[in-house]
Every structure is written in C-alpha cells, then in structure tokens.
2 protein chains.
Amino acid sequence: MAAACPPALAAAGHVSEVRLWQRHLEMARFGATAKGGVNRQALSGEEIAARRQLVAWGREIGLTAYHDAAGNLFLRLDGTAPALAPVLTGSHLDSQPTGGRFDGIYGVLAGLEAVQAIVAAGVRPRRPIEVVAWMNEEGSRFAPGMMGSEVFAGLRPLDAVLAVTDAAGTSVAEALRDVLAAEAGTVAPRPAGPAPHAFLEAHIEQGPVLEAAGVPIGVVTGIQGVRRYRVRVTGTEAHAGTTPRAERRDALLAAVRIVDRLQAEADLPGVMFTVGLFEVKPNAPSVVPADAYFSIDLRHPDDALLRRLGERVAAVAAELAPPCTVEVQEIARADALRFPEDLCDRIAGAADRLGLKHLALPSLAGHDARQLHRICPTAMIFVPCKGGVSHREDEYASPADLAAGCRVLTECLLDLAETAHD
Amino acid sequence: MAAACPPALAAAGHVSEVRLWQRHLEMARFGATAKGGVNRQALSGEEIAARRQLVAWGREIGLTAYHDAAGNLFLRLDGTAPALAPVLTGSHLDSQPTGGRFDGIYGVLAGLEAVQAIVAAGVRPRRPIEVVAWMNEEGSRFAPGMMGSEVFAGLRPLDAVLAVTDAAGTSVAEALRDVLAAEAGTVAPRPAGPAPHAFLEAHIEQGPVLEAAGVPIGVVTGIQGVRRYRVRVTGTEAHAGTTPRAERRDALLAAVRIVDRLQAEADLPGVMFTVGLFEVKPNAPSVVPADAYFSIDLRHPDDALLRRLGERVAAVAAELAPPCTVEVQEIARADALRFPEDLCDRIAGAADRLGLKHLALPSLAGHDARQLHRICPTAMIFVPCKGGVSHREDEYASPADLAAGCRVLTECLLDLAETAHD
C-alpha cells in the first residue's frame, strides 16, 4: 500500500524507532557520567567526538557536512532546486554538567533520522533540508548559552561570542579553533546562501504536561517570556549574642521578607518563580549577615503579566529591605513569543494524518528556536519525557515517543520543502 | 591623705590609666591587621609573642608565671597565707580573625594592672591573686572555643580538647606543644592547689547599654542562655522554567517560610534570633534548590522563654517544610546563669566607694566566666565600648573607662583576697 501513500507519509513510514534509539545510546557514550547521564560541554573533546559521529552517519546517507564560523554544524540533503532557501531542523549536542541523554541531541538525531527516512523512501524534496547542531545552547561552559543560534540569526556579533572564556580561561575562539581543525578534512565551510525557509526544532518537553495527558505530540505554541534579576541586600555585620534586634540591619532577614512576599505575589497559574542562588556573608552562625545576594528567575507566557510581576521585584525589595539597603539588577529579559499559527497547524495536521494524538502547549524553557523565530518561520515539536524531568542524569523519553515525534517532523519537513514529483 | 584611705581604695588609686592604655596598644601589635584591628589566633605565633610580653610585665613586678596542661597562663601574686585558695581574675588573649584590641585582652591587662596597683600601694593580700589568660576563648581557629576554661573547670576532658584540629590539620596538642616549649625557661607548670576562692572577669560590654546610659561600670548579673540549631531542608532539584509550582519541592522557599515564621515568633524583648549561616544547593539561578541548610542562634537571659522558643524551632520546621522534608539538630545548649548576688553587690559597692556610676545588666555574649561559675563564686565587670561594636576591627573602648573598670576590679580583688593588716 506504500505506493498509494502521499510521499510524506511514505517517508514517515521509513523512520526507524530502533535506529533512532540506538543512536541516542551511542551518542550518550560521549561524556557519559557514572549515573547514566551525560556531561558533554560545548566545544569539548566529548562534543568533538559526538560531532564526528554525527558527520559520519550523515555521510553514510549522502549528506554534505558544513560548519560556519560560529561552530554550528550542518548536514545538508540537496533539493531539486538547490538555490531555494533551505528548510532547517535541529537542536544542540551540548549538555548540562549533570545532564541527560535527550535534551538537545534528540532534535539533532530526529532531524537526521527524518532525512534518512526521506532518502530511504526515495522522496526528493525541492528545497534543501539541513540538519543543524547549534553551538553551545546550554551555556554551562561558556555563558550565556544559545551562542550559535544567536550568531546565526545576527542577534549577537561573532566577535563578542569568540571572546567569552570558560572557568579555566579558555576562550570560545580557542576552543572553536580545535573543533574546526578536527573537522578540517571532512566538513567544509558553509557557503553563503539565503536565510532559511523555515526552522523546526524537535525536543523533549522538559515538563509534565504531555506525559500526564498521555499524548505523544506537543504542538508548541511559543516560548514563555523570562525575566532574571539579581538582588543584593546590604546590612551591617553584628554580634549575634549582643546586638538587640532594634539595632540590627540583618541582611538575611530582609532578604527572607523580600523572597517570601514576591513568591506569594507570583503564586498565580503558570507563573514560574525561582530563587535558585542565595548567598549570605560572612555566613558565620554567630554573626548577623551584612550581605545577602540572590537570584530571581520569573517566567510566564503572557508578557503583560510578566512585566507586572517583574516591576514588583524592585518595588517589594525597596519596601521590605529597610533598615537594610537593596540593589536590584535586571540581568536578562526575553519577551514571550508565539510561533506562527500556520506552522503550528502544519504540525497538528501531520500528527492527525499519522494518527497521533497532539496537544498545544507553550515551551516553558528557552530554545534555539527563540533566535531562529527572529529570521524565519519557526516552530517546535515536543515529545513527552518521564516525570517531566530534564537537566538531570535520569532524564528519559521512550523510544516510541521519540519515533512518533520524528515521524511528525519528517512529514512537516517534506511539507515545507515541497516534494518534487518528477 | 593616702594613709587614711582604706587599703583597697589606696590600691585603686595606683591604677595607671596611661600604662593600661599603652599596654593595650603594645599588645595590639601582636597580630595587628591593616585596618587597625587584631587577628591573634589561639596558640599561634602571635599569641606566643603576646604571652611572652605578658609574662615579662608580670615578672617586672614580682609575679610568678605558671601554665597548665591546657595552655592556660597564670601570673601569681603570693598572699600572706599562700595555702589559701587564690582569687582569680582574667580573660583571654586570642581574638576573632577580624577582631579588635579589647575583647578578651582587656580582662587580662586589667588584672595585671590591678595587681601592679596593689603591689605599688604596698598592700598585702592574705590570699594569692592570680591573673589568668584562658586558652582559646574565641574558637575561631580551634572550634568550639572556651577550651582552656572548660578544661580548668573539669567540664571537658583535656584529651578531647587536644585532639581538635584547625583548618590546616594542626591539632591543639601540636600547637600547644610549641607554646609550652617557647615558655619552658620562664614559665613553670602550675602546682596543684585548691579550687579558686572566686573568679572575676573584666570585659568590654560588646553591646550598647552602658554607652547609651553614660555609665562606666556594668555589674553583670549573669550570662544569657543560648541554643544553637542546624536546619536542613530537603526538596527536589528541578528546572526553573518548566516545573510548575504544584510539582516543586523547593527547599529555598520552605527555608524562607521557616525562617520568617521563627523570626516573627522570636520578636520579643531581649530575644536574640540570628540566622547567620544560610546555604542552598546546587545554588544555580535556573535550578530549583534541592537543599537548604541554615543555622539558628537563639539567646535570652530567661531560660523558660528560651526553652519555649527553642521548642518552636522543630515544630515550625515540621509544619512549614512540606512538601519538603526537614531535619533539625540542636548543636549547643547553655542555660542562662545568674552570678551570685553577694559578688555583684561587692562590685556595686566598690564602684560606689570609688564614686563611679554603675548599672546591672546581663551579659549577652558567652565568656570564660560561664565555666568558672561552675566551680567557684564568679562575677563580671563590664566597661562601655563604642557603638556597642565588638568582633570587629574598629572595636574601641576609652582609656578612662578601661581604667575605671580596672579600679573597681582592684578593689574587689583585694576585698576577696582579704587584706593583711600587720
């Protein structure tokens, strides 16, 4: 019956759940941790090995490998109209220090599997399709992350990225030189060309929604906005036994008041409020702290609500800090974004045609898709992960769900690349 | 008119404000910090030098130097009835890492000055008078402190103290060997003898009461009780962007709830409530903390109130920790103590006779007097310190106040040692 299928469904039928799963296991060797997770830092030896493996798999099925000056790695399937803007899909190979086997790398391996299925089905797209591994999404070695996609989208100058150094003092420029040198024989500089026709990123959800609903496909409506703050409360060091409360300027107690009020105000549906970093000085049991320093990470898909809550940070801090003083710094602000409805509809339609249940949901984490959204129609496909757990060594997604997401991706890629009936 | 004075007042008249002040300045050279403070750790080279200076001053006026196996240093003025239990006075020479020029050392130098005044006045006490420098009161190098007085009072075995090591791995036994060796020629092992007849400790107040009242002499009624806790809240590490609040076990927010409730319940007159140490893990801005660890230091002169507040720590923690778990450990408990009224009356009487205003107040900090109180009648004399500041490099007490406290001490020492009229 395969001949009667539309080409896209025929291609999706060539997606191999077993091969996709085995490639995840093989990739997990590069940076494997004792507890079954992955520590594969951007531009590290482990990532060089993972890139080499990826290029080898791509070449086996006739893809051409390119890298650009920012270290983004591309595997290209030529189209019948090679001058047309390519359809891009992918994610990243780097991980958190105690990361899992799926965050990022799934989007790259799903892209490769989709292209392999298209090739195996004998389907020829008009537009080129490129599988991309963006450089340094996680930002755990070189901060902040999203470097490759930011440079690609023209949102950050290459020079600024190259100058960033890791904790050991190694610059991105130096680490990147090693990566590009290691690939000199097999990977060519990516030729200049038009901006992408579209970008699709497959990813594990990193949240509990799909698993709880028993649905394999998440149609990502957008990415929630985020605001990040650093708050420094300054008081006066004092003897814990002899300084009466009325004469104390206790930075810890002021910080506690501020955090407790802000968490209460942020206790609204869908609001993510996190104080992940919290430090006091001198941090001695019998000394009233003179200094408390903490982070606030605030996220929500609705920009208006996020702005309102964000404005409360400085207001609440100023109200509750006295007799201490306080300084609030907004260190990051990314507005919420909505992916184009047309693309979301294509993903939903593909899932329907493949008989897969789907569900619309926002992405609560940031992704490279945030940057690509600025230069071309962009969307994301989520698959469930166990317990909603990510950025942990026990991160898990089932072979069946990974394959389901890959089938939807395959059909969407072909849809966007327009199949060539000749 | 000196011949008409009672002997004690005659001796107090020989207290030299200038000499006492100059000795503070000379001692401040041993461990001097750039900001005018003192860093003189227990059993360090700086303390050895300070002890050598103290012994030299003592020998100039005919005192005999002794040390015991715990490293306590004694300067003895013989009495006319040398077999009687001695009157002890003193404090400690060691300091906080960024300590001041008066905490501890004032009590030692005031004792020396008092004995020197007694000698200069030609007054002969019946009982011996000994000036003592207790080993390691502060506990900043070897923790916990009060080692010398605890061993002297039989509250802690010498072996347990000797086994304690500092951050560099050096044991008290090793450090003490150096100290005792350095003094081998000039300081003899203290002979066994009866328990002290009484102990008096002069000290700066380390609080603001005397300065605010414009009173030079504090008659210390006792030492407030203290309870110290360590609280560990355990939650689950989670992604700050993707984990809904309902599914979080945020150790930081639970700790904040607990601290905020306890500080509110402890907001009562005279209660000292301090969270000086506070740490979260993994302490990363975009990760919900899995672990929060903090100290609670609770003090008050009333044991019943202190017990009631102390019992609230575990109760409030258990109530507010969920969905996190919590573990509360009481790591120290010292009941409030009251010095004997008779001794306090003697101090007040001496101040009256010297025409010095005095005021009764509890000590909010712990002192070696806490241990001596267990084995003999004990009391303390406070003098004002600027701004109530202590354990800081800018700690300050005026020459006049230091001398006033010393005059009261002189009269009390003679009072307790009974003057010999022959």
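Parameters at a glance
- Residues numbered from 1 in each chain as written.
- Chains lettered and ligands numbered in written order.
- Predicted model: local features only at pLDDT ≥ 70, side-chain atom pairs only at ≥ 80, totals over all residues.
- Helix = DSSP H or I, 4+ residues; strand = E, 2+ residues; numbered from the N terminus.
- Buried ≥ 20, exposed ≤ 12 C-beta atoms within 10 Å, placed from the backbone.
- Contact = placed C-beta atoms within 7 Å.
- Domains from an automatic or database assignment.
- Nonpolar A, V, L, I, M, F, W, Y, C, P; charged D, E, K, R; others polar.
- Expected span 1.5 Å × (residues − 1).
- Least-squares fit on C-alpha atoms with pLDDT ≥ 70 in both.
- Pairing = 2+ DSSP bridges.
- Arc of directions from axis to C-beta.

(A) Seen up close, the overall build of chain A. Secondary structure assignment for chain A yields 13 helices and 17 strands. Dimensions of chain A along its principal axes, counting C-alpha atoms only, are 85 × 45 × 40 Å. Across the 422 residues of chain A, 57% fall into the buried class. For chain A, long-range pairs separated by at least 24 residues make up 80% of all intrachain contacts whose partners lie at least 6 apart in sequence.

(B) Summary view of the domain arrangement of chain A. All names here are of chain A. Domain annotation of chain A identifies domain 1 (2-223 + 337-417) and domain 2 (225-334). One C-alpha centre belongs to domain 1, the other to domain 2; they are set 37 Å apart. Of the residues lining the interface, five residues belong to domain 1; the matching set on domain 2 comes to five residues. Each residue belonging to the side of domain 1 that touches domain 2 can be placed in one class, and the counts come to two nonpolar, two polar and one charged.

(C) Main features of helix α9 (residues 251-265) of chain B. Residues and elements named next belong to chain B. The terminal C-alpha atoms of α9, which comprises 15 residues, lie 21 Å apart, in line with the 21 Å expected from a rise of 1.5 Å per residue. Counting buried residues along α9, eleven of its 15 residues qualify, which places the element largely inside the surrounding structure. Burial in α9 covers these residues: Ala251, Leu252, Leu253, Ala254, Ala255, Val256, Arg257, Ile258, Val259, Leu262 and Gln263.

(D) Main features of the relation of the copies chain A and chain B. Placing chain A over chain B gives an RMSD of 0.1 Å and needs a rotation angle of 180°, together with 0.0 Å of translation along the axis. Considering both components of the superposition, the chain copies are consistent with a two-fold axis. Among all C-alpha atoms of chain A, that of Val256 of chain A lies closest to the rotation axis, at 2.7 Å. Most of the interface of chain A is mirrored in chain B: 100% of its interface residues are interface residues there too.

(E) Structural view of the environment of Ala184 of chain A. By secondary structure assignment, the location of Ala184 of chain A is in the loop between α7 (172-182) and β5 (188-189). In sequence terms Ala184 of chain A and Ala350 of chain A are 166 residues apart; their C-alpha atoms lie 39 Å from each other.

(F) Just the environment of Gly193 of chain A, in detail. Among the secondary structure elements, Gly193 of chain A is positioned in the loop between β5 and β6 (198-204). Between the C-alpha atoms of Gly193 of chain A and Pro86 of chain A, which are 107 residues apart in sequence, the distance is 8.9 Å.

(G) Layout of the pairing of strand β2 (residues 73-77) of chain A. Residue and element names in this part refer to chain A. With five of five residues buried, β2 is to be regarded as a mostly interior element. Going residue by residue along β2, you find Leu73, Leu75 and Leu77 tucked away on one face and Phe74 and Arg76 tucked away on the opposite face as well. The turn joining strand β1 (residues 64-67) and β2, which pair antiparallel and follow one another in sequence, is formed by five residues; a positive phi near 85° is taken by Gly71. Taken together, the five bridges between β2 and strand β4 (residues 129-134) define a ladder with antiparallel strand orientation. Residue pairing for β4: Phe74 is matched across the bridge by Val132.

(H) Looking closely at helix α2 (residues 17-27) of chain B. All names here are of chain B. Listed in full, the buried residues belonging to α2 are Leu20, Arg23 and Met27. Seen end-on, α2 carries its buried residues on one side only, within an arc spanning 60°. Along α2, exposed side chains directed more than 90 degrees from the buried face belong to Val18 and Leu25.

(I) Expanded view of unusual backbone geometry. The linkage connecting Ala143 of chain A with the following residue, Pro144 of chain A, adopts the cis geometry, with an omega of -10°. Here Pro144 of chain A lies in the loop between β4 and α5 (147-152). That bond from Pro322 of chain B to Pro323 of chain B is cis: its omega, 10°, falls within 30 degrees of zero. As for its placement among the helices and strands, Pro323 of chain B is situated in the loop between α10 (303-320) and β14 (325-334). The phi dihedral of Leu43 of chain A falls on the positive side, at around 65°, and the residue is not glycine. Tracing the chain through its elements places Leu43 of chain A in the loop between α2 (17-27) and α3 (45-60). Here Leu43 of chain A falls in the buried class, since 25 other C-beta atoms lie within 10 Å of it.

(J) Broad picture of the interface of chain A and chain B. On the chain B side, the residues contacting the 45 residues of chain A number 45 residues. Of all elements in the fold, only β8 (225-234), α9 (251-265), β10 (272-274), β11 (278-281), β12 (287-288) and β13 (291-300) of chain A reach the threshold of two or more residues within the side of chain A that touches chain B. For the side of chain A that touches chain B, the leading source of residues is α9 of chain A, giving seven residues. Partitioning the side of chain A that touches chain B into residue classes produces 19 nonpolar, 16 polar and ten charged.

(K) The environment of Ala121 of chain B, seen in detail. Topologically, Ala121 of chain B is positioned in the loop between α4 (105-120) and β4 (129-134). As a C-alpha pair, Ala121 of chain B and His358 of chain B span 237 residues in sequence and 25 Å in three-dimensional space.

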